[in-house]
Amino acid sequence: MIEQVKGTQNIYQNESEKFLHVRQCFFDVFNNSGYSYIQTPHLEHSELFEKSIGENSEIVSKQMYQFNDKGGRTLVLRPEGTSSIVRYHAQNQKELTNQYSYFGQMFRYENPQKNRYREFTQGGVEIIGNLDSFSDFQVINDSIRFLNNLNLTFTLEINTIGSIDDRELYSKELYTYFKTHEDDLSDESREKLELNTLRILDSNNSLDSKVIQDAPVISNFINDISSQKYESLKSLLSNNNINFKENTRLVRGLDYYNDLTFEFINDDGVVLGGGGRYDRLAEILNIGSFNGVGVAFGIERIMNIIDIKNKSPKVYIIGIDIDKISRLCKLLDQNNINYSKPPRLSKINSQFKNAKNLGAKYVVNTDEDTIKDLENNTSIKFNVEVLIDN
RNA sequence: GUGGUCGUAGCUCAGUUGGUUAGAGCACCUGGUUGUGGUCCAGGAUGUCGCGGGUUCGAAUCCCGUCGAUCACCCCA
């Protein structure tokens, strides 16, 4: 037996129904709201993510599937989607402002658990180019429509983390503060002190909560322009009856964000999706200077909380005479009628039972040339017109 | 990367202090019954007991390692 790779999934049956449902819903909402689907490579040069996400982020330092190909290139399986789209935009669309959507597999070398896999699916959108508050608004607003269409309940949390310069200043201040309270911090938080000070704010270790409570707040370090933008987005959301919760400790994991950050969180605290503004990413990559805002959803996380019933076939054909049943297939094909069928011609009783279990509406018995309506249990002579009329 | 729990048939699980040829239910297959068909009867196929080593006359069972699943930490979507 060859085992499958750790942290990967086979998505099938009820799970694949959910997957296709979420994907359908994703494209129905976003691709009918101005976004164009883009598919970028799963392989990228390591350099792209080292620069964009940040070299001392956990994703880059520990979690990338990285290897050298036979031409000596250092490549990775992409750990996220935004950087590739920014790279594309710089290559081909630098002067324009575009709305992109993407949906596909990402790879991170993590220890798997619920809602976290090594190969997983993200769907998201990005607006890249010259942006304003309406750009931010629509990404959030369209995201809400997507989640609502899936009948999910969630909370929108937002924050502003200011410019990258603001954040550096704040980070230094925070470092000084935590350094003096080092003894009161949990082991995990103490580890983060040197490289990732900001993330200590995210800790849900009760040991840390008291120290965090009295820590300097980011709002005191935000520059005026960023604050104004944040205020105007908040009033834009309020004016449109969009509920949100401000969370001044919402610091997202990727280094390239500035100003706006937001997350959609369900009742169990699972982050279904998140995003924010990344106005300096192109500069960090040294490929241009344009703004960006985007969101990404964890498709498996959504699949894990929705519940859908399997689709039932409308017409199921059975029979043990291979000539008769194949003739019927061709007849239905010619009339462009969809139908389900047994994988092979087993015992007629089994075939009938199978049709019933799948919840078929009509069963056509090609041995007898009859069609049965399983809902009201009536059987009549089969005539293709009956199906065409239905 | 760290820690807890767990790996026996496609699925859910039994399997005694180590003891013949490893079991049940569901699902599946065949024949019959029913014939308005889904019921019922009879029979059938299916396992590297996660993998590798060790102890033993003998291991699904005990020990070690390893792989995987799951949950949590960490991290994140």
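Residues numbered from 1 in each chain as written. Chains lettered and ligands numbered in written order. Predicted model: local features only at pLDDT ≥ 70, side-chain atom pairs only at ≥ 80, totals over all residues. Heavy atoms only, no water.

1. Focus on the sheet that holds strand β6 (residues 119-129)
- If you trace the 8 strands from one edge of the open sheet to the other, you get β1-β5-β6-β11-β10-β9-β7-β8, paired in mixed fashion. Looking at strand neighbours, the two that pair on one side only are β1 (36-37) and β8 (245-246), the edges of this open sheet.
- As paired strands, β1 and strand β5 (residues 98-107) are joined by 2 bridges and run parallel to one another. Opposite Tyr-37, over in β5, you have Ser-101 as the bridge partner.
- Across the sheet, helix α1 (residues 14-30) lies against β1, β5, β6 and β11 (291-298), angled at about 165 degrees from β5, the strand it touches most.
- On top of the sheet, helix α9 (residues 224-239) reaches β7 (155-160), β8 and β9 (258-265); it is set at about 160 degrees to β7, its chief contact. (Pairing = 2+ DSSP bridges. Helix = DSSP H or I, 4+ residues; strand = E, 2+ residues; numbered from the N terminus. Contact = heavy atoms within 4.5 Å. Axes fitted to C-alpha atoms, helices over the stretch in contact; angles between N-to-C directions.)

2. Looking at helix α5 (residues 133-149)
- The terminal C-alpha atoms of α5, which comprises 17 residues, lie 24 Å apart, in line with the 24 Å expected from a rise of 1.5 Å per residue.
- Listing the buried residues of α5 in full gives Ser-135, Asp-136, Phe-137, Gln-138, Val-139, Ile-140, Asp-142, Ser-143, Ile-144, Phe-146 and Leu-147.
- Its side-chain oxygen 2.9 Å from the backbone nitrogen of Phe-134, Asp-132 forms the N-cap of α5.
- Count one or two residues on from α5 and you reach Asn-151, which has phi positive near 60 degrees. (Expected span 1.5 Å × (residues − 1). Buried < 20%, exposed > 50% of the residue type's maximum accessible area, 1.4 Å probe, protein only. Polar contact = N/O pair within 3.5 Å; in protein donor to acceptor, adjacent residues only side chain to side chain.)

3. Comments concerning the protein's contact with RNA strand B
- Around RNA strand B, the structure places 43 residues, and the nearest of them are Lys-192, Arg-199, Arg-301, Lys-356 and Lys-372.
- Here RNA strand B approaches the protein such that, of its atoms within 4 Å, sugar and phosphate make up 57%.
- At 2.7 Å, a side-chain N or O of Asn-111 approaches a base oxygen of RNA strand B.
- Looking at the surface near RNA strand B, the elements with two or more residues in it are β6, α7 (187-195), β10 (271-277), β11, α13 (348-357) and β14 (370-373).
- Element by element, the count of residues in the surface near RNA strand B is highest for α13, at 6 residues.
- Classifying every residue of the surface near RNA strand B by side-chain character gives 8 nonpolar, 17 polar and 18 charged. (Near = heavy atom within 4 Å. Nonpolar A, V, L, I, M, F, W, Y, C, P; charged D, E, K, R; others polar.)

4. What about the domain arrangement of chain A?
- With domains assigned, chain A is organised as domain 1 (14-163 + 223-303), domain 2 (165-217) and domain 3 (315-389).
- Spacing between the C-alpha centres of domain 2 and domain 3 amounts to 67 Å. (Domains from an automatic or database assignment.)

5. Here we look at the sheet that holds strand β12 (residues 315-318)
- If you trace the 4 strands from one edge of the open sheet to the other, you get β12-β13-β14-β15, paired in mixed fashion. Because the sheet does not close on itself, it has two edges, and the strands there are β12 and β15 (378-381). Going from strand to strand, the sheet's axes swing by 20 degrees on average, the running direction of each strand aside.
- Here β14 runs beside β15; their pairing, made up of 4 bridges, is antiparallel. Of the residues in β15, the one forming a bridge with Asp-373 is Thr-378.
- The sheet strands contacting helix α12 (residues 322-334) are β12 and β13 (362-365), and the helix crosses β12 at an angle near 155 degrees.
- The sheet contacts of α13 involve β12, β13 and β14, and relative to β12 the element is tilted by about 175 degrees.

6. Some details on the packing of α1 against α5
- Between α1 and α5, the least distance of the axes is 9 Å, while the angle of their chain directions is 145 degrees. Here the hand of the crossing between α1 and α5 comes out right-handed. Where α1 abuts α5, its residues Val-22, Cys-25, Phe-26, Val-29 and Phe-30 lie against Asp-142, Ser-143, Arg-145, Phe-146 and Asn-149. (Left-handed = near helix turned anticlockwise from the far one by under 90°.)

7. Overview of the packing of aromatic side chains
- Counted by the stated rule, this structure contains 20 aromatic pairs.
- Ring plane angle 70 degrees and centroid distance 5.9 Å describe the contact between Phe-19 and Phe-103, whose orientation is recorded as edge-to-face. Highlighted residues: Phe-19 in helix α1 and Phe-103 in strand β5, separated in sequence by 84 residues. Each member of the pair, Phe-19 together with Phe-103, is buried.
- In this structure an aromatic cluster arises from ring pairing among Phe-19, Phe-26, Phe-27, Phe-30, Tyr-35, Tyr-37, Phe-103, Phe-146, Phe-154, Phe-262, Phe-264 and Phe-297. (Phe/Tyr/Trp six-rings, centres within 6.5 Å; stacked < 30°, edge-to-face > 60°.)

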